[in-house]
Structure formats: C-alpha cells, structure tokens
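# Notes for the structure review
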Amino acid sequence: MHYSDYLHLDKILGAQFLESEKRNSPAHDEMLFIIIHQTYELWFKQLLFEISSVNQIMQQSSLNDNSPELQTVVHRLSRSGTILKLLVHQIDVMETMTPMDFLDFRDILRPASGFQSWQFKELEATLGLKYAQRYGQEYYISKLRPGEIEKIKKAETEQSLLQLVNSWLERMPFFNEAGSWKNFESNAKAEEPVIGVHTFWKEYRHRYQNSLAPEEQSNAALFDFVFFGVRENDKEMESSRSVSPAACRSALFIMLYRGYPMLQLPFQLLNQLLEIDEQLSTWRYRHMNMVHRTIGTRIGTGGSSGREYLKNALDKHYIFKEIAQLNSFLIERKKLPKLSSEMEQRVGFLT
Ligand code: HEM
C-alpha cells in the first residue's frame, strides 16, 4: 500500500480546474474558492456518514441506554459537532478573498452556487429538517439534477434523527413502572391537563407554575401545550411539532435529573443535538455575513435573493428547536420534586 494510492491523491489533487484559466483570464483566488468548497463537500460526506450511522443504531426497536450503543451514538454526535465547528472556522479562510478578487471570476460561475450542494440539503433532511419547514420550498431543489433530487427526497422520507430521538424518548420506561414510584408524594391538585398522566407531572406542573414571575404567566399555557398537548386555538403550532408531549416529558425529566448516572448519557445525547443545531446555525450566520460582505445585496449566482434568502433560512432552519425550547420549563434544582427512593435506585444503578 502506498500513501498516494490509498488516498487516491491523483484524483483529489487533480480535481482543481480553474474556469478563469480556461478562459484565459486567470484569477488567483479561484484556486482557494475551489479547494474550500471541495473540503466542505468532503466534510459534508463525513457528517452524513456519522449521522446516518447514528440513525441506523437509533432505528432499533429497543436501545439499551446502559449499553455501548448509546455511547457510540453520543460519541458520533459529538464528533459531528466538532466537525461543524471546523466548518464554521473555515469561513475565516474564505473571507481572505476580497470582493474585488471574487469579481474577477464570479460571473463565470453563474448559475452554479452552493445552493446546489445536495449533500448539504441531504444532511439537513437526515437530521430532521422537513420539507414543510423549509424556506423557499418552491426552488430549494429547482437547480439540482434528478439523481441529486432523488437522494434528498429519499432522506426526507426516511426516519430522521429528530424522529428517531422522538421515538426513543417516547419509549423511556420510568413512568410506566408503578413499583419505582411507590413512595412518591404529591399534594398538587389533579387538574384537567394532568389527569391520566403520571403523578410526577401533576407535582412538577404545580411547582413550575409557582416559579413563574407575573410577567411570565403565559408560559403556563405553553407548558400545558408542550407536555400535555392542550391546544390554545393554535392548530398551526400543533401541526408543526415534531416532538410529542410524551417525548417532551421524557426529555425534560432527563434534563432535570441528569445528575443520576443512568440519565447522564441520555442528557449528553440531547445536549449534542443542541450543539449541532448551534454550530449549523452559526455556520449559516457566518456564511450569510460573508455573503453580505462579499456581494452586498446582489442576488446569488444561484438566482436567490442572496443575503435575504440566507437570513430567512437561518431563522427557519433550526432543527432541534423543540428540544432547546424545553429549557424554558426548568425549575431550580432545590425546588425539584424529590424522587422516591425506588426511583433514585433505579436511575442511580444502586442495588
Ligand atoms: C465568497 C464566497 C461565497 C459566496 C459569495 C456565497 C454566496 C451564496 C449565496 C448568495 C447563496 C444563496 C443561493 C444563491 O442564490 O446562490 C449561497 C448558498 C449556499 N452556499 Fe454559499 N457562498 C460562498 C461560499 C460558500 C462556501 C465556501 C460554501 C461551502 C460549501 C457555501 C455553501 C453554500 C450552501 C450550502 C448554500 C445553500 C444554503 C441554504 O440553502 O440554506 N457557500 N451562497
């Protein structure tokens, strides 16, 4: 085995063809432009590889939270977050190209654009961005080739990471185990939204409501909507939800009691999803500002409104926003309901 053969360097290093040179007006910065895009695409490939493997593990009908598999999931998600951080920093290198340097070859590129990165769109779909949530639905695949569209559509029909996390949370066993809650005490009133739901939630709802400042009282209704599906005449809001009330209850429980050993890995999993969303949106933000700085408010080579399109995509394309929202429903540690001793044993690996 030889280094060059193993890495197929002949193909990779022989894949930079400067259009400006072909047209006899060489533009120095085109080499940087090509290499940066190529490295991005290689990292997108790695990200897809990692997230697809995570989805494959999460697809199993039962995943032992105390097994190496959950470790693997958390590890690969964490690696994906680190790769995304690198992708954010790569923008620094891109920004060493000045607007005038870009103008030297920009017009040759039309109508090519990063907008045609099918891997980027496939990655968004694999993570959980639904077609219905996309900004610019009418043209998001309009500039792609049929084979590329097929890959994105396939990813949209398969179970996304967000959907798989939702099912995993819904399967969380603790609230179905009567034995684990024998000594749990609650004096809270059993009001409408919490009837039929585990007593823990009756107690937690009561404590959460009491923790709200007068100007935050509207959060109480949001709480009932998120955790018990109680609607506030807002059908649109409900239909746009990807994480069910039962899954939200499990996720909040994990966040609240993450200090117990059994909940640590599940907490890290949720935290990595937020890290991925934060890094991805930081990339979108940096890319949008770079575009503004480089082409002002001109339309993109891909034909979109340029910065305006990117700003709307930034606002709309958060994937794990429902998980991030759960942080609005935390209460102080010292005010948390005390778990029953059986439950403490259950999540504490004690015998
Ligand atoms: C000076 C450098 C760059 C400029 C001026 C630029 C400009 C733009 C513009 C204007 C758009 C909106 C679509 C359009 O109408 O073309 C866009 C989209 C996009 N660009 Fe760039 N870009 C640059 C560098 C990059 C780099 C290095 C990447 C890395 C792969 C990239 C990836 C993307 C992606 C993935 C989209 C689609 C984003 C979405 O749909 O949310 N761009 N770019």
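You'll find the structure just up there.
What this report covers is the structure whose coordinates are included nearby. Here the structure is a predicted model, which means the values were calculated and not measured. (Residues numbered from 1 in each chain as written. Predicted model: local features only at pLDDT ≥ 70, side-chain atom pairs only at ≥ 80, totals over all residues.)

### Considerations on the overall build of the chain
So the rule is basically this: Strands are runs of DSSP state E lasting at least two residues, helices are runs of H or I lasting at least four, and both sets are numbered from the N terminus onward. Two residues qualify as being in contact provided that their C-beta atoms, derived from the backbone, are within 7 Å of each other.
Along its length, the chain carries 17 helices and 0 strands. Each principal axis of the C-alpha distribution contributes one length, and for the chain these read about 80 × 55 × 35 Å. Contacts in the chain between residues at least 24 apart in sequence constitute 74% of all its contacts with a sequence separation of at least 6.

### Details of helix α5 (residues 68-94)
Residues separated by three or four positions in an α-helix point in the same direction, a consequence of the helix having 3.6 residues per turn. Convention followed: Here the expected span of a helix is defined as 1.5 Å times the quantity of residues minus one. Exposure criterion: with C-beta atoms placed from backbone coordinates, a residue whose C-beta has 20 or more other C-beta atoms within 10 Å is buried, one with 12 or fewer is exposed, and one in between is partly exposed.
Compared with an ideal rise of 1.5 Å per residue, which puts 27 residues at 39 Å, α5 spans 39 Å between its outermost C-alpha atoms and is within 8% of the ideal. Among all positions of α5, only V73, V74, L77, S80 and L84 are buried. Here the buried face of α5 lies against α4 (30-58) and α14 (261-295).

### Some points on the environment of P214
Structurally, the position occupied by P214 is in the loop between α10 (199-211) and α11 (218-228). Classification of P214 as exposed rests on a count of 5 C-beta atoms within 10 Å. Once the C-alpha coordinates of P214 and L63 are considered, the two residues, 151 residues apart in sequence, prove to be 42 Å apart.

### With respect to the site of the ligand
Keep this limit in mind: Only the C-beta atom matters for nearness: placed from the backbone, it must lie within 6 Å of the molecule or strand for the residue to count as near. Ten residues, namely Ala, Val, Leu, Ile, Met, Phe, Trp, Tyr, Cys and Pro, are considered nonpolar, four, namely Asp, Glu, Lys and Arg, are considered charged, and the remaining ones, Gly among them, are considered polar.
The full set close to the ligand counts 24 residues, and S113, G114, G300, G302 and S304 are the nearest of them. Mapped by element, the contributors of at least two residues to the shell around the ligand are α4, α14 and α15 (307-316). Taken together, the residues of the shell around the ligand break down into 12 nonpolar, 12 polar and no charged.

### Let's talk about the packing of helix α13 (residues 245-256) against α14
Convention followed: Axis geometry follows a simple rule: fit a line to the C-alpha atoms, using only the stretch in contact for helices, then measure angles between N-to-C directions, giving values from 0 to 180 degrees. For classification, angles of less than 35 degrees are called roughly parallel, those exceeding 145 degrees roughly antiparallel, those between 65 and 115 degrees roughly perpendicular, and all remaining angles oblique. Helix crossings get a hand from a simple test, with the near helix turned counterclockwise from the far one by less than a right angle marking a left-handed crossing and a clockwise turn marking a right-handed one.
Direction vectors running N to C along α13 and α14 enclose 115°, while the axes themselves pass 9 Å from each other. The pairing of α13 with α14 is recorded here as roughly perpendicular in orientation. The way α13 lies across α14 gives a crossing that is left-handed. From α13, A251, I254 and M255 reach across to α14, where they touch L263, P266, F267 and L270.

### Considerations on unusual backbone geometry
The amide bond that connects R110 to the next residue, P111, takes the cis arrangement and shows omega of -5°. With respect to the secondary-structure elements, P111 resides in the loop between α6 (99-109) and α7 (118-127). Its identity is not glycine, yet H8 carries a phi of approximately 50°, on the positive side. Given 10 C-beta atoms within a 10 Å radius, H8 is considered exposed. The backbone of N24 shows a phi angle near 60°, a positive value even though the residue is not glycine.

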